Amino acid sequence: MNPLSHVAIIMDGNGRWGLKNKNSRNAGHRAGLDTVEKIIKETIKHRIKFLTLYAFSTENWRRPKKEINYLFKLLETFLINKIEELNNQNIKLKIIGVKNFSKKLNNILNQSEKKTSKNTKLQINLALNYGSKFELINAFKNIKKDKKKISEKNINRYLQTYKTPDPDLLIRTGNTKRLSNFLLWQLAYSEIFFEKKFWPDFNQKDYNRILNKYRNIKRNFGKI
Ligand code: IPE
Ligand code: IPE
Ligand code: MG
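Just so we're clear, the structure is a prediction, and the values are computed from it rather than from any experiment. (Residues numbered from 1 in each chain as written. Chains lettered and ligands numbered in written order. Predicted model: local features only at pLDDT ≥ 70, side-chain atom pairs only at ≥ 80, totals over all residues. Heavy atoms only, no water.)

Overview of the environment of Ile124
Alright, step 1. Within the secondary structure, Ile124 sits in strand β4 (residues 122–130).
Alright, step 2. Ile124 sits in the buried class, given a relative accessible area of 3%.
Alright, step 3. Excluding residues within four positions of it along the chain, Ile124 makes contact with Ile40, Leu51, Leu53, Ile91, Lys92, Leu93 and Lys94. (Helix = DSSP H or I, 4+ residues; strand = E, 2+ residues; numbered from the N terminus. Buried < 20%, exposed > 50% of the residue type's maximum accessible area, 1.4 Å probe, protein only. Contact = heavy atoms within 4.5 Å.)

Here it is, written out as structure tokens:
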């Protein structure tokens, strides 16, 4: 059985789910939030230590303003209402990506990180305004600035995922098979599962099916 310490998820398909079921993309984002809560609970049950969730990419700014505003309002409300509960569950929240949102949201994000920084049960890395290429460029720039040498160890150290082991497993829902600028370096040896269901339809059973499959894969890391 493979050890499992880090699951990364590209939560895709909210918009299509919303259009299909409620004639509104935003309704899909709202419904996707319920899946986030279910998957967090299940992740804790499995004693997985790290969960990285792709919530907004550097490319998602190309969407209509109305959708972007809705997404960030949703996040804001979620954190205001739930951070206490997450904290009580011993969950640590870390944002990866660039926090250049409204002053209000930046404050909420910083406070949520600070409040939960000592927690140890599960670390949730929330990827917000995250792009892997930007993260890598930034890492290289800082390595150069600090006059360090370019090495695997230093690159790991200068990425925002420093201290998070590489994902063992990547799940992308929404029936699309691409990485969309997510964790390009960190996913070098991850097991990848593409799931047909849209994110709001994805449930504990689907998650468990993937985790079980993962457990039995022969991971070679170049060996035989
Ligand atoms: C993923 O769902 C969530 C975000 C990118 C914020 P989408 O909004 O991309 O849903 P589809 O792919 O359009 O259905
Ligand atoms: C990836 O989904 C980003 C998130 C899930 C946050 P997208 O829906 O933005 O990806 P593309 O544009 O279809 O590749
Ligand atoms: Mg999408």
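Examining helix α3 (residues 65–88)
Alright, step 1. With 24 residues, α3 should cover 34 Å at 1.5 Å per step; its first-to-last C-alpha distance of 34 Å lies within 8% of that length.
Alright, step 2. Along α3, the largest kink reaches about 55° and is centred on Lys82.
Alright, step 3. Within α3, the full set of buried residues consists of Glu67, Ile68, Leu71, Phe72, Leu74, Leu75, Glu76, Phe78, Leu79, Ile83, Leu86 and Asn87.
Alright, step 4. Considering only its buried residues, α3 is in contact with α2 (25–45), β2 (50–57), β3 (91–96), α4 (103–116) and β4.
Alright, step 5. Two residues or fewer past α3, Asn90 is found with a positive phi of approximately 65°. (Expected span 1.5 Å × (residues − 1). Bend = angle between axes of the 7 residues up to and from the residue.)

Things to note about the nonpolar core
Alright, step 1. Judged by nonpolar contacts, the single largest core of 42 residues is most densely connected at Val7, Ile9, Leu128, Leu169 and Tyr207.
Alright, step 2. With residues near it in sequence (within four places) discarded, Val7 still touches Ile48, Phe50, Leu51, Thr52, Leu169, Ile171, Tyr207 and Leu211.
Alright, step 3. If you look at the next biggest cluster of nonpolar residues, it comprises ten residues, including Ala8, Tyr130, Leu183 and Leu187. (Core = buried A, V, L, I, M, F, W, Y, C linked by side-chain atoms within 4.5 Å.)

A closer look at the site of ligand 2
Alright, step 1. As a structural note, the neighbourhood of ligand 2 is formed by Ile10, Met11, Asp12, Tyr54, Ala55, Phe56, Asn60, Arg63, Arg172, Arg178 and Ser180.
Alright, step 2. Within the contact set of ligand 2, an oxygen atom lies 3.3 Å away from a side-chain nitrogen or oxygen of Arg172.
Alright, step 3. At 2.6 Å from an oxygen atom of ligand 2 is found a side-chain nitrogen or oxygen belonging to Ser180.
Alright, step 4. Taking 380 Å² as the accessible area of ligand 2 by itself, protein coverage stands at 79%. (Near = heavy atom within 4 Å. Polar contact = N/O pair within 3.5 Å; in protein donor to acceptor, adjacent residues only side chain to side chain. Areas by Shrake-Rupley, 256 points an atom, 1.4 Å probe, with all protein chains shown as cover.)

What about unusual backbone geometry?
Alright, step 1. Even without being a glycine, Asn90 presents a positive backbone phi close to 65°.
Alright, step 2. Mapped onto the secondary structure, Asn90 falls in the loop between α3 and β3.
Alright, step 3. In the Ramachandran plot, Leu183 falls in the positive-phi region, its phi being about 45° despite a non-glycine side chain.
Alright, step 4. Position of Leu183 among the secondary structure elements: in the loop between β5 (169–172) and β6 (191–194).

Considerations on a positive patch on the surface
Alright, step 1. Positive charge collects at one region of the surface, where Lys148, Lys149, Lys153 and Arg157 lie side by side.
Alright, step 2. Residue position: Arg157 is located in helix α6 (residues 152–158).
Alright, step 3. The partly exposed category is assigned to Arg157, whose relative accessible area is 37%. (Patch = residues over 30% accessible without salt bridge, like charges linked within 9 Å, V, L, I, M, F, W, Y side chains within 5 Å. Salt bridge = Lys/Arg side-chain N within 4 Å of Asp/Glu carboxyl O. Lys, Arg positive; Asp, Glu negative; His and termini not counted. Charge placed at Lys NZ, Arg CZ, Asp CG, Glu CD.)

Topic: the packing of α2 against helix α7 (residues 204–215)
Alright, step 1. Put simply, α2 and α7 touch, their axes get as near as 10 Å, and they point 40° apart. Considered as vectors, α2 and α7 are oriented oblique to each other. The chirality of how α2 crosses α7 is right-handed. Facing Lys38, Ile39, Glu42 and Thr43 of α2, the residues of α7 in contact are Gln204, Tyr207 and Asn208.
Alright, step 2. Residue composition of the contact of α2 with α7, grouped by class: two nonpolar, three polar and two charged. (Axes fitted to C-alpha atoms, helices over the stretch in contact; angles between N-to-C directions. Parallel < 35°, antiparallel > 145°, perpendicular 65-115°, else oblique. Left-handed = near helix turned anticlockwise from the far one by under 90°. Nonpolar A, V, L, I, M, F, W, Y, C, P; charged D, E, K, R; others polar.)

Structural notes on the site of ligand 1
Alright, step 1. Close to ligand 1 lie 13 residues, the nearest being Asp12, Gly15, Arg16, Arg25 and Arg63.
Alright, step 2. Residue Arg25 places a side-chain N or O atom 2.9 Å away from an oxygen atom belonging to ligand 1.
Alright, step 3. Against a free-state accessible area of 380 Å², the protein chains account for coverage of 86% of ligand 1.
Alright, step 4. Here the element with the most residues in the shell around ligand 1 is helix α1 (residues 14–22); it accounts for three residues.
Alright, step 5. Grouping the constituent residues of the shell around ligand 1 by class yields three nonpolar, five polar and five charged.

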